[in-house]
Amino acid sequence: MTVKIESSWQEALKDDFNSASFAHLRTFLKEEKKHYTVYPPGDKIFEAFRLTPLDKVKVVILGQDPYHGPGQSHGLCFSVSKGIKQPPSLKNIIKELHNDLGISIPVDGDLSSWARQGVLLLNATLTVRAHQAGSHQKQGWEKLTDSVIAKVSENCSHCVFILWGNYAQKKIPLINNVNHLILTSVHPSPLSAHRGFFGSKPFSKTNHWLQENGLDPIDWNI
């Protein structure tokens, strides 16, 4: 696996990329690709970092795994490539977006426009074996992405961390909540969305915080 990553992240994470943990991850992924289909495609694994340089991060949305179906994952959490049917959690995110800000419900679920404005759409694990959710967990990705969260907390000012569900909320100790806003709710999955995700208004709360701190709000249109 060749690491192709935007320069500000390459510098911030250079020790992580040179670590024994990452060397193990490289070996693991090479073996996986010999025997299985792995998502997202190799050139999209670090797409979140390409679209959102470290010095541009204003918001972090944390997911767990990439989607594991054909054509879905393109390196941004919760997002799917254009022309791909919106998965259930993404449908609920878009429903809450509509209810929160009145934004029209789109046909596609490609969230790249958010990423270009400073929304880091980060999965805790950046790859997955086709049709096997969680198959690349505990192989080294989490150490890298924990470091990413800590680097954002250390290096960026007045960010919003949007943490949906118990898994994401376990990352709170990595964040300095004196300088940043942490928004939490249950996960947007159909299994939990009606228990507090709907009506949580994360998008308007984010923009209010950014504007209060002299930053441009996010245009959440998709």
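Residues numbered from 1 in each chain as written. Predicted model: local features only at pLDDT ≥ 70, side-chain atom pairs only at ≥ 80, totals over all residues. Heavy atoms only, no water.

Draft legend 1. Spotlight on the overall build of the protein chain. Check the secondary structure of the protein chain and you find 9 helices and 6 strands. Taken against the 2.2 N^0.38 rule, which gives 17 Å for 222 residues, the C-alpha radius of gyration of the protein chain at 17 Å falls within 12% of a compact globule. Principal-axis analysis of the C-alpha atoms places the extent of the protein chain at approximately 45 × 35 × 25 Å. Here the protein chain holds 222 residues, and 54% of them are scored as buried. The contacts of the protein chain with a sequence gap of at least 6 include a subset with a gap of at least 24, amounting to 67%. Positive and negative side-chain charges in the protein chain, numbering 24 and 20 respectively, have mean positions lying 5 Å apart. (Helix = DSSP H or I, 4+ residues; strand = E, 2+ residues; numbered from the N terminus. Rg over C-alpha atoms; globule rule 2.2 N^0.38 Å. Buried < 20%, exposed > 50% of the residue type's maximum accessible area, 1.4 Å probe, protein only. Contact = heavy atoms within 4.5 Å. Lys, Arg positive; Asp, Glu negative; His and termini not counted. Charge placed at Lys NZ, Arg CZ, Asp CG, Glu CD.)

Draft legend 2. View of the pairing of strand S3 (residues 119–123). In terms of burial, S3 is a largely internal element, 5 of the 5 residues being buried. Judged by which residues are buried, S3 turns out to be covered on both faces: Val119, Leu121 and Asn123 on one side and Leu120 and Leu122 on the other are all buried. Note that strand S2 (residues 59–63) and S3 share 5 bridges and pair parallel. When the bridges of S3 are listed, Leu62 appears paired with Leu122. (Pairing = 2+ DSSP bridges.)

Draft legend 3. Quick look at the sheet that holds S3. The 4 strands lie next to each other as S3-S2-S5-S6, forming an open sheet whose pairing is parallel. Each of the sheet's edge strands pairs with one partner strand only, and the pair in question is S3 and strand S6 (181–185). When the angles between neighbouring strand axes are averaged without regard to direction, this sheet yields 20°. Note that strand S5 (residues 160–164) and S6 share 5 bridges and pair parallel. Bridge pairing in S6 links Leu163 to Thr184. (Axes fitted to C-alpha atoms, helices over the stretch in contact; angles between N-to-C directions.)

Draft legend 4. View of the side chain of Ser81. Locating Ser81 in the fold gives a position in the loop between S2 and helix H5 (88–101). For Ser81, the side chain forms a polar contact with the main-chain oxygen of Gly71, separated by 3.5 Å. The contacts of Ser81, once residues within four sequence positions are left out, are Gly71, Gln72 and His74. (Polar contact = N/O pair within 3.5 Å; in protein donor to acceptor, adjacent residues only side chain to side chain.)

Draft legend 5. Molecular detail of the environment of Leu51. With respect to the helices and strands, the residue Leu51 is situated in helix H4 (residues 47–51). C-alpha of Leu51 to C-alpha of Ala115: the two residues are 64 residues apart in sequence and 5.7 Å apart in space. With residues near it in sequence (within four places) discarded, Leu51 still touches Leu76, Ser112, Ala115 and Arg116.

Draft legend 6. Looking closely at helix H3 (residues 20–35). Relative to the 22 Å expected for 16 residues at 1.5 Å per residue, H3 spans 23 Å between its end C-alpha atoms, a close match to the ideal helical length. Where H3 is concerned, the buried positions are Ser21, Phe22, Leu25, Phe28, Leu29 and Glu32. On an axial view of H3, the arc spanned by its buried residues comes to 115°, and they lie on one face. Projecting away from the buried face of H3 at angles above 90 degrees are the exposed residues Ala20 and Lys34. Close packing links the buried residues of H3 with helix H2 (14–17), strand S1 (38–39), strand S4 (128–129) and helix H7 (141–155). (Expected span 1.5 Å × (residues − 1). Arc of directions from axis to C-beta.)

Draft legend 7. The arrangement of the state of the cysteines in detail. Enumeration over the complete set of coordinates arrives at 0 disulfides. No disulfide involves Cys77; its sulfur sits 15 Å from the nearest other cysteine sulfur, which is in Cys159. Looking at Cys156, it has no disulfide partner, and the nearest cysteine sulfur is the one in Cys159, 4.4 Å off. By relative accessible area, Cys156 is classed as buried at 9%. (Disulfide = S-S within 2.5 Å.)

Draft legend 8. Just the pattern of salt bridges, in detail. On inspection of all chains with the given rule, the structure shows 6 salt bridges. Here Glu31 makes a salt bridge to Lys34, at a shortest N to O gap of 2.9 Å. With a gap of 3 residues between them, Glu31 and Lys34 both fall in helix H3, about one helical turn apart. Taking the relative accessible area as the measure of exposure, Lys34 reaches 60% and is therefore exposed. (Salt bridge = Lys/Arg side-chain N within 4 Å of Asp/Glu carboxyl O.)

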